[in-house]
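Summary of the model geometry
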Amino acid sequence: MKKVTTKGRCALAILALAAAIPALAASSAAETPSDNGSLIIAKGDQGFLVTQKDVEAITQFVNDHMSFEMPPEAAREYAVMTYLFAKEARRLGLREPESTRPLEPVHVEIALAEAYLDQVLRDYALDPIVIESYYKAHFEDYVIKPESQAAQKVVSEEALVSLEASKDSIRQTLLNLVRERITEHTFRRLVESYHVTGEFSHGE
């Protein structure tokens, strides 16, 4: 089994885990917490608290349903990130999708974390110039009939899907490219906002 050694894999794991939740709602394996489950890993304002038991629940979920194994440091970071994103989701009134119910507690936290991250990405402002620049740099992807333009040295504007019609797909492509960076930036911001301290790293 391949081990995760990069910090970014923790951030991106939220999306993959949240996608797996609907199929797991009716069949969750029982978790066996360790004797030090009450050990505090992170704490912050407004009652924010992550214990070793929370970390173990997240780790068990990852090990059961993903193709990699999280080392302890990465598991602590991912657990704190997940529970912090979930807390912010609740503050904003976000809820897990109906399709994911009923859920085990750890599944709820992951689903809420993903709902919050989706909200952050939807609200992320991309400069129109960036979108236009991407369109111009990848114009070959927007040719209506590529086969009919293959012999042409210059592709006419009439042969392209318009920039206006392509904006949404370009925006999503760009967000996917910067998703990891946005996730880590959001995590650091919330750690500072809730004054979270403890035994974990947060993209420093």
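Computed from a prediction, not measured in an experiment: that's the story for all the values here. Counting starts from 1 at the beginning of each chain's written sequence and moves along it residue by residue. Given that this is a predicted model, residues contribute local features only at a pLDDT of at least 70 and side-chain atom pairs are listed and counted only at 80 or more, while totals for whole chains, interfaces and linings are drawn from all residues. Side-chain descriptors were evaluated using all non-hydrogen atoms of the structure, hydrogens and water having been removed beforehand.

What follows deals with the packing of helix H5 (residues 128-137) against helix H7 (residues 163-193). For any two helices packed against each other, one specifies the inter-axial angle together with the distance between the axes. Look at H5 against H7: their axes get within 9 Å of each other, and the N-to-C directions meet at 100°. The angle between H5 and H7 places the two elements in the roughly perpendicular class. Taken together, the residues of H7 that come into contact with H5 (itself represented by Val130, Ile131, Glu132, Tyr134 and Tyr135) are Leu163, Ser166, Lys167, Ile170, Arg171, Thr173 and Leu174. Three residue categories are used. Nonpolar comprises Ala, Val, Leu, Ile, Met, Phe, Trp, Tyr, Cys and Pro, charged comprises Asp, Glu, Lys and Arg, and polar comprises the others, including Gly. Looking at the contact of H5 with H7, its residues break down into 7 nonpolar, 2 polar and 3 charged. What counts as an axis is a line fitted to C-alpha atoms, over the stretch in contact for a helix, and the angles between N-to-C directions run from 0 to 180 degrees. The numbering of helices and of strands both runs from the N terminus, where a helix is a DSSP run of H or I of at least 4 residues and a strand a run of E of at least 2. Any angle that is under 35 degrees is reported as roughly parallel, and any over 145 degrees as roughly antiparallel; angles of 65 to 115 degrees are reported as roughly perpendicular and all others as oblique. Contacts: residue pairs with any heavy atoms within 4.5 Å of one another.

Take the pattern of salt bridges next. By definition, a salt bridge exists where a carboxyl oxygen of Asp or Glu is found within 4 Å of a side-chain nitrogen of Lys or Arg. Summed over the entire model, instances satisfying the criterion amount to 5 salt bridges. Among the ionic pairs, Lys167 bridges to Glu164, the shortest N-O distance being 3.2 Å. A residue pair is termed a helical-turn pair when its members lie 3 or 4 positions apart in one helix, as Lys167 and Glu164 do in helix H7 at 3 residues. Judged by relative accessible area, which is 57%, Glu164 ranks as exposed. The rule is simple: take the accessible area with a 1.4 Å probe, protein chains only, and divide by the maximum for that residue type; under 20% is buried, over 50% is exposed, in between is partly exposed.

This part takes up the nonpolar core. Core analysis: the largest hydrophobic core is formed by 49 residues, its most contacted members being Val50, Val80 and Val196. Looking at this core, the elements that each hand over two or more residues are strand E2 (40-43), helix H2 (52-65), helix H3 (72-91), helix H4 (105-123), H5 and H7. Per-element accounting of this core gives the leading share, 10 residues, to H3. Once residues lying within four places of it in the same chain are set aside, the contact partners of Val196 are Ala42, Lys43, Gly44, Phe48, Val80, Leu84, Leu190 and Val191. The term nonpolar core refers to a set of buried residues drawn from Ala, Val, Leu, Ile, Met, Phe, Trp, Tyr and Cys, joined through side-chain atoms within 4.5 Å.

Geometry of aromatic contacts follows a simple scheme: Phe, Tyr and Trp rings, the Trp one being its six-membered ring, pair when their centres are within 6.5 Å, and the pair is stacked under 30 degrees between planes, edge-to-face over 60, tilted otherwise. Counting across every chain of the model gives 3 aromatic pairs. Ring plane angle 80° and centroid distance 6.5 Å describe the contact between Phe85 and Phe187, whose orientation is recorded as edge-to-face. Within this pair, whereas Phe85 is found in helix H3, its partner Phe187 is found in helix H7, the two being separated by 102 residues in sequence. There is no split in this pair, since Phe85 and Phe187 are both buried. Here Phe187 and Phe200 contribute two aromatic rings whose centre-to-centre distance is 6.3 Å and whose plane-to-plane angle is 45°, an arrangement assigned as tilted. Here Phe187 is found in helix H7, whereas its partner Phe200 is found in the segment after strand E5 (197-198), with 13 residues between them in sequence.

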